[in-house]
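# Structure assessment
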Amino acid sequence: MDTKLKYQQIIKSILTETAEYRASIPDGYNSQVLFDDEHGRYLVLDIGWNDDQYLHTTPIHVDLIDHKIWIQYDDTEEGIANDFIAAGVPAQDIVLGFRHPKIRQYTNFAVS
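These numbers were taken from a predicted model, which means no experiment stands behind them.

A positive phi angle is found at Asp 51, which is not glycine, with a value near 60°. Inspection of the secondary structure puts Asp 51 in the loop between strand E2 (41-50) and strand E3 (53-65). Residue Asp 51 is classed as exposed on the basis of its relative accessible area, which comes to 71%. Non-glycine residue Asn 108 carries a positive phi angle of around 70°. With respect to the helices and strands, Asn 108 occurs in the segment after strand E5 (94-96).

Have a look at this one:
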């Protein structure tokens, strides 16, 4: 299977599971997944009301760039990179895009 298609499937599966878990938390917020295969962009969106508090945030943003998974933003406790590793994605195919390029060499993940 083509790496790009394989990674698209892995990303969608993990983000869907994460959104379903987040949606099960009784806080009044709804979690949605947004997939753009054409441009390689994948998001989890939390939106809704909890009493008088409105929330509209993107806790996870992942891009697929040059056959690598770029984690642009990750607001999860465990870290979404661990889920990708558990799904069989090698660390050298995961870039922590939210880390400064000078620091990435110390993360045990891909630099770019």
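A word on the sheet that holds strand E4 (residues 68-74). Strand order across the open sheet formed by five strands is E1-E2-E3-E4-E5, with mixed pairing between neighbours. With partners counted over all chains shown, the strands left at the sheet margins are strand E1 (29-36) and E5, one partner each. Strand-to-strand, the axes of this sheet are offset by a mean angle of 20°, without reference to chain direction. Where E2 lies against E3, nine bridges are found, and the strand directions are antiparallel. Looking at E3, one finds that Tyr 42 is bridged to Val 62.

Turning our attention to the pattern of salt bridges. In this structure the tally under the stated criterion is two salt bridges. Of the charged contacts, one joins Lys 12 and Asp 37 as a salt bridge, the two residues approaching to 2.6 Å between their closest N and O atoms. Linking Lys 12 in helix H1 (residues 3-24) with Asp 37 in the loop between E1 and E2, this pair joins segments that are 25 residues apart in sequence. Here Lys 12 falls in the partly exposed class, since its relative accessible area comes to 25%.

So, how was this worked out
- Residues numbered from 1 in each chain as written.
- Predicted model: local features only at pLDDT ≥ 70, side-chain atom pairs only at ≥ 80, totals over all residues.
- Heavy atoms only, no water.
- Helix = DSSP H or I, 4+ residues; strand = E, 2+ residues; numbered from the N terminus.
- Buried < 20%, exposed > 50% of the residue type's maximum accessible area, 1.4 Å probe, protein only.
- Pairing = 2+ DSSP bridges.
- Axes fitted to C-alpha atoms, helices over the stretch in contact; angles between N-to-C directions.
- Salt bridge = Lys/Arg side-chain N within 4 Å of Asp/Glu carboxyl O.

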